[in-house]
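Structural description and commentary
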Amino acid sequence: MSGDGLIVVDKPGGMTSHDVVARIRRLAKTRRVGHGGTLDPMATGVLVIGVGRATRLLTYVIGAGKSYTATVRLGQATVTDDAEGDVIATTPAGQLTDEAVRAAFAALAGEVDQVPSAVSAIKINGQRAYKRVREGESVELPARRVTISRLDVLAVRRDAPDLLDVDIDVTCSSGTYIRAIARDAGLALRVGGHLTALRRTAVGGFRLTEAATLDELEQRAPEVVNLPLDAAADRFFPRREASADEAKVLSHGGPLDAAGIVGPYAVFGPDGGLIAIVSERDGRARAEIVLAPA
């Protein structure tokens, strides 16, 4: 059976994140598997999977910043803001200059109030927004503050007379919808826009260059974990070393003296094993989750 830890998967197109989790459960021979941030079926790229005790780290992975490459088609709007939905409006975009296109995307960067795509997993009165839309309801979601720290236009391609395909590179906070960037750029340019390709290139410090394909994981099953729990925590969090006495207290959920480290951070015992993820408040370092084996 595979050990506790994280797997950085290069998700293929056409699969849901849950499909990937189901495959990893089979390969790792354990039910205790989860993912750190959904990718739409159309999207590919970095999907962080937790196995065993490392599933408890996923709440931190979900909140990490993310990077993407994407293609936005200007000249068509769709009901889902991506290529999986029906086209609901077509407006010729061939007359737009590259300068106007670049300016429209540049205006979407920074700390912004973004309205999520109506076809999203956000819940409204207990029901997913996408389910309400598919049942014919008109859904309006409130704007949420997100940070788009980088939004670079890599290319503006004119492969069809009335359409523009814009390749972008984005780094953003958790909760940012790349589909909404496509929609908003199209609205700003008054031609409509939607996402035609999306590839996640990083989640926190986990990058596409270290991701394994499902075929590669299949070949090495059941040893599919490539970042054991201790190494994963060391990669993702600041590190604190605990004495034997401190390790004993913390492993039973007790607090330690503050060390002045901005948290959350990982505390390791004298043997190098991960004990807990802690944060400091009121002069004490308190466990958010205890991960030392019982």
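Residues numbered from 1 in each chain as written. Predicted model: local features only at pLDDT ≥ 70, side-chain atom pairs only at ≥ 80, totals over all residues. Heavy atoms only, no water.

**Structural notes on helix 7 (residues 229–236)**
Taken together, the buried positions of helix 7 are Leu229, Ala232 and Ala233. Buried residues of helix 7 fall within an arc of 95° about the axis and therefore sit on the same side. Elements in contact with the buried residues of helix 7: strand 1 (5–11), strand 14 (227–228), strand 17 (265–268) and strand 18 (274–281). (Buried < 20%, exposed > 50% of the residue type's maximum accessible area, 1.4 Å probe, protein only. Helix = DSSP H or I, 4+ residues; strand = E, 2+ residues; numbered from the N terminus. Arc of directions from axis to C-beta. Contact = heavy atoms within 4.5 Å.)

**Structural notes on the sheet that holds strand 17**
Each strand in a sheet pairs with another by means of backbone hydrogen bonds, the pair being arranged parallel or else antiparallel. Pairing in this open sheet of 5 strands is mixed, and the strands run 15-17-18-19-16 from one edge to the other. Whereas interior strands pair on both sides, the edge strands pair on one side only; in this sheet they are strand 15 (239–241) and strand 16 (256–257). Alignment of strand 17 against strand 18, held across 4 bridges, turns out to be antiparallel. Across the sheet, the residue bridging to Phe268 is Leu274, located in strand 18. In this fold helix 7 packs onto strand 15, strand 17 and strand 18, with an angle of close to 135° to the strand it touches most, strand 17. The strands that helix 8 (residues 244–251) touches are strand 15, strand 16, strand 17, strand 18 and strand 19 (284–290); relative to strand 18, the one it contacts most, it runs at about 80°. (Pairing = 2+ DSSP bridges. Axes fitted to C-alpha atoms, helices over the stretch in contact; angles between N-to-C directions.)

**Notes on the UniProt feature "domain: tRNA pseudouridylate synthase B C-terminal" (unreviewed entry) in the protein**
Annotation from UniProt places "domain: tRNA pseudouridylate synthase B C-terminal" (unreviewed entry) at residues 179–219. Measuring from the first to the last C-alpha atom of residues 179–219 gives 34 Å, for a span that is 39% helix and 32% strand. (UniProt positions renumbered as here; feature names shortened; annotations may be inferred.)

**Observations concerning the nonpolar core**
One finds Leu74, Val101, Phe105, Ile168, Ile178 and Ile181 to be the most contacted residues of the largest nonpolar core, which totals 32 residues. Every element with two or more residues in this core is listed here: strand 4 (66–74), helix 3 (98–106), strand 10 (144–160), strand 11 (163–172), helix 5 (178–188) and strand 12 (193–203). Formed by 24 residues, the second largest nonpolar core is a distinct cluster that contains Val203, Leu227, Ala233 and Ile289. (Core = buried A, V, L, I, M, F, W, Y, C linked by side-chain atoms within 4.5 Å.)

**With respect to the pattern of salt bridges**
A complete count under the given rule lists 20 salt bridges for this structure. The network of salt bridges with common partners includes Arg23, Arg26 and Glu218. (Salt bridge = Lys/Arg side-chain N within 4 Å of Asp/Glu carboxyl O.)

**Examining the environment of Glu111**
Within the element layout of this structure, Glu111 appears in strand 7 (residues 110–114). Distance from Glu111 to Leu96, taken between C-alpha atoms, is 26 Å for residues 15 residues apart in sequence. Dropping the residues within four chain positions of it, Glu111 is found in contact with Arg145, Val146 and Thr147. Within the structure, Glu111 has its side chain in polar contact with the side chain of Arg145 (distance 2.9 Å). (Polar contact = N/O pair within 3.5 Å; in protein donor to acceptor, adjacent residues only side chain to side chain.)

**Focus: the side chain of Asp10**
Positionally, Asp10 belongs in strand 1. The exposure class assigned to Asp10 is buried, which follows from its relative accessible area of 16%. Of note is the side chain of Asp10, whose polar atom sits 2.8 Å from the side chain of Arg199. Asp10 has contacts with Gly45, Arg199, Leu208, Ala211, Ala212 and Thr213, leaving out every residue within four places of it along the chain.

**Quick look at the pairing of strand 10**
Inspection of the sheet shows strand 7 paired to strand 10 by 5 bridges, in the antiparallel sense. Opposite Val112, over in strand 10, you have Val146 as the bridge partner. Across 9 bridges, the pairing between strand 10 and strand 11 is antiparallel. Residue pairing across strands places Ala155 opposite Asp167, the latter belonging to strand 11.

**Here we look at the packing of aromatic side chains**
Following the criterion strictly, the structure yields 3 aromatic pairs and no others. Where Tyr60 meets Phe237, the ring centres are 5.1 Å apart and the plane angle is 85°; that geometry is what we call edge-to-face. You can see Tyr60 sitting in helix 2 (residues 58–62) and its partner Phe237 sitting in the loop between helix 7 and strand 15, a full 177 residues away along the chain. For Phe237, a relative accessible area of 7% translates into the label buried. Between Phe206 and Phe236 the ring centres are 5.6 Å apart and the planes differ by 10°, which places this aromatic pair in the stacked class. Highlighted residues: Phe206 in strand 13 (residues 206–207) and Phe236 in helix 7, separated in sequence by 30 residues. With a relative accessible area of 1%, Phe206 lands in the buried category. For Phe236, a relative accessible area of 23% translates into the label partly exposed. Every member of this aromatic cluster is reached through a ring pair, and the members are Tyr60, Phe206, Phe236 and Phe237. It is Arg239 that lies over the ring of Phe268; its NZ or CZ is 3.8 Å from the centre. (Phe/Tyr/Trp six-rings, centres within 6.5 Å; stacked < 30°, edge-to-face > 60°. Lys NZ or Arg CZ within 6 Å of the ring centre and 35° of its normal.)

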